Amino acid sequence: MSGKLKDLLQMDLYGLLGIEGTATPKEIKKAYRQKALTCHPDKNPDNPKAADLFHQLSQALEVLTDAAARAAYDKICAAKKQAEERNRKLDDKRKKIKFDLEARERRAEAQSQEEAKNTRSLEEEIARLREEGSRQLQEEQRLIREQIQREKEEKQQEHSGAGYTHTSRLKWKCRKDDDTNGGYSQDDLARLLHKYGDVLNVLVSSKKKGSAVVEFATVRAAELALKNERGLNENPLKISWLEGQPEYVTPVSLPDQFASPQAPLSTERDYESVVLMRMRQAAERQRLIMEMQKEDDQADEKVKS
């Protein structure tokens, strides 16, 4: 028996994946993805045991998702459990009688032959899996790598928008004499949009009915709201970009002082840069407010004329 196969037989493949012995292939794959994502070496660079555990999970997936290999493995496990159960039930007196030297040698020989047969069967199935290229395992690991890459890209996208405003204009139908403003108040809009991410400001026009401006903390939140939020069925929202729309180019790394909110300001230049950035944000908010007031004044003039 090879060393690798001996190590495999010492493992509880079902327990390793956290599933029952009756689990379906679909449940096995789902459990593998969940376990593999948490112990993937790329996610655990400081854990020297992560690679070994990930390899063991891969072995479990290979064996348990192949019908013939799983049957051979289950047969060996069943034989071990039966032997353990027999030994547990035998008391000391019955052991003395039952474990006569000749009988013990005959049973040992028969058991050895059975285990050798089962082991050869499992070795053949594992060899067949190796010859087929373990396509299923490669596909599962590819999906895991893609998911990890997506998570990294999402984090990079959020960081790439730090320090900038992402502002959208909201419009909806509203009569001039409608005190409910078409069913939307500042609190209503904030509640609708908050589920997509942090909302910094919501400014509802007091003069121009059916109009508002919202400022999101991240470009991701602004994009999700733009793509998914429809508002009330009886009076849907129209959302469009006003400021900070991404150009969908390769993100440029921010200077180290902006890479993390907790990064220390080590020089006067760093401090000045942050102050200037915040001043620009305040000026941009003031510009938006003035723009909305100008639109309101123009609307009033049209009404008077």
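Refer to the structure presented above.
Turning our attention to the overall build of the protein chain. Of regular secondary structure, the protein chain possesses 11 helices and four strands. Evaluated residue by residue, the protein chain yields a buried proportion of 30% over its 305 residues. Excluding contacts between residues fewer than 6 apart, the proportion of contacts in the protein chain whose partners are at least 24 apart in sequence is 68%. A total accessible area of about 20,800 Å² is found for the protein chain, and carbon and sulfur atoms account for 50% of it.

Further remarks concern the side chain of serine 58. Secondary-structure assignment places serine 58 in helix α4 (residues 50-64). With near-sequence residues (within four places) excluded, serine 58 lies in contact with Tyr32, Leu137 and Gln141.

We now examine the sheet that holds strand β1 (residues 166-171). Backbone-to-backbone hydrogen bonds join strands into a sheet, with any given pair of strands oriented parallel or antiparallel. With antiparallel pairing, the four strands of this open sheet are ordered in space as β2-β3-β1-β4. Either end of the sheet is taken by a strand with one partner, and the two such strands are β2 (199-204) and β4 (238-243). Across the sheet, the axes of successive neighbouring strands diverge by a mean angle of 25 degrees, strand direction being ignored. Pairing between β1 and β4: five bridges, direction antiparallel.

Nonpolar side chains in soluble globular proteins generally cluster together in the buried interior. In terms of nonpolar packing, the biggest core is built from 33 residues, with Leu13, Leu17, Ile19, Tyr32 and Leu64 touching the most fellow members. Secondary-structure elements contributing two or more residues to this core are α1 (3-10), α2 (13-17), α3 (25-39), α4, α5 (67-89), α7 (101-131) and α8 (135-160). In this structure isoleucine 19 touches Tyr14, Glu27, Ile28, Ala31 and Leu64, once residues within four positions along its chain are discounted. Formed by 17 residues, the second largest nonpolar core is a distinct cluster that contains Trp172, Tyr184, Tyr196 and Val202.

Take the pattern of salt bridges next. One pass over the full model with this rule turns up 13 salt bridges. One salt bridge connects arginine 191 with aspartate 188, and the closest N-O pair in it is separated by 2.9 Å. One end of the pair is arginine 191 and the other is aspartate 188, both in helix α9 (residues 186-194) and three residues apart, which spans about a single turn. Owing to a relative accessible area of 56%, arginine 191 belongs among the exposed residues under this scheme. The exposure class assigned to aspartate 188 is partly exposed, which follows from its relative accessible area of 21%. One network of salt bridges, in which partners are shared, links Asp66, Glu125 and Arg128.

Turning next to the environment of alanine 67. Along the chain, alanine 67 turns up in helix α5. With 58 residues separating them in the primary sequence, alanine 67 and glutamate 125 have C-alpha atoms 9.6 Å apart.

This part covers unusual backbone geometry. You will see that asparagine 181, though not glycine, has its phi angle at about 55 degrees, which is positive. Overall, the relative accessible area of 10% leaves asparagine 181 in the buried class.

With that out of the way, let us pick up the packing of aromatic side chains. Here the distance between the centres and the angle between the planes together describe a pair of aromatic rings. The tally for this structure, following the rule as stated, stands at two aromatic pairs. Where tyrosine 14 meets tyrosine 73, the ring centres are 6.2 Å apart and the plane angle is 45 degrees; that geometry is what we call tilted. Of this pair, tyrosine 14 sits in helix α2 while tyrosine 73 sits in helix α5, and the two are 59 residues apart along the sequence. Each member of the pair, tyrosine 14 as well as tyrosine 73, carries the same accessibility label: buried. Measuring from ring centre to ring centre gives 5.1 Å for tryptophan 172 and tyrosine 184, while their planes differ by 55 degrees; the resulting arrangement is tilted. Placement of tryptophan 172 in the loop between β1 and α9 and of tyrosine 184 in the loop between β1 and α9 is noted, with a sequence separation of 12 residues between them. In this pair, the class of tryptophan 172 matches that of tyrosine 184, namely buried.

The rules behind each value
- Residues numbered from 1 in each chain as written.
- Predicted model: local features only at pLDDT ≥ 70, side-chain atom pairs only at ≥ 80, totals over all residues.
- Heavy atoms only, no water.
- Helix = DSSP H or I, 4+ residues; strand = E, 2+ residues; numbered from the N terminus.
- Buried < 20%, exposed > 50% of the residue type's maximum accessible area, 1.4 Å probe, protein only.
- Contact = heavy atoms within 4.5 Å.
- Areas by Shrake-Rupley, 256 points an atom, 1.4 Å probe, with all protein chains shown as cover.
- Pairing = 2+ DSSP bridges.
- Axes fitted to C-alpha atoms, helices over the stretch in contact; angles between N-to-C directions.
- Core = buried A, V, L, I, M, F, W, Y, C linked by side-chain atoms within 4.5 Å.
- Salt bridge = Lys/Arg side-chain N within 4 Å of Asp/Glu carboxyl O.
- Phe/Tyr/Trp six-rings, centres within 6.5 Å; stacked < 30°, edge-to-face > 60°.

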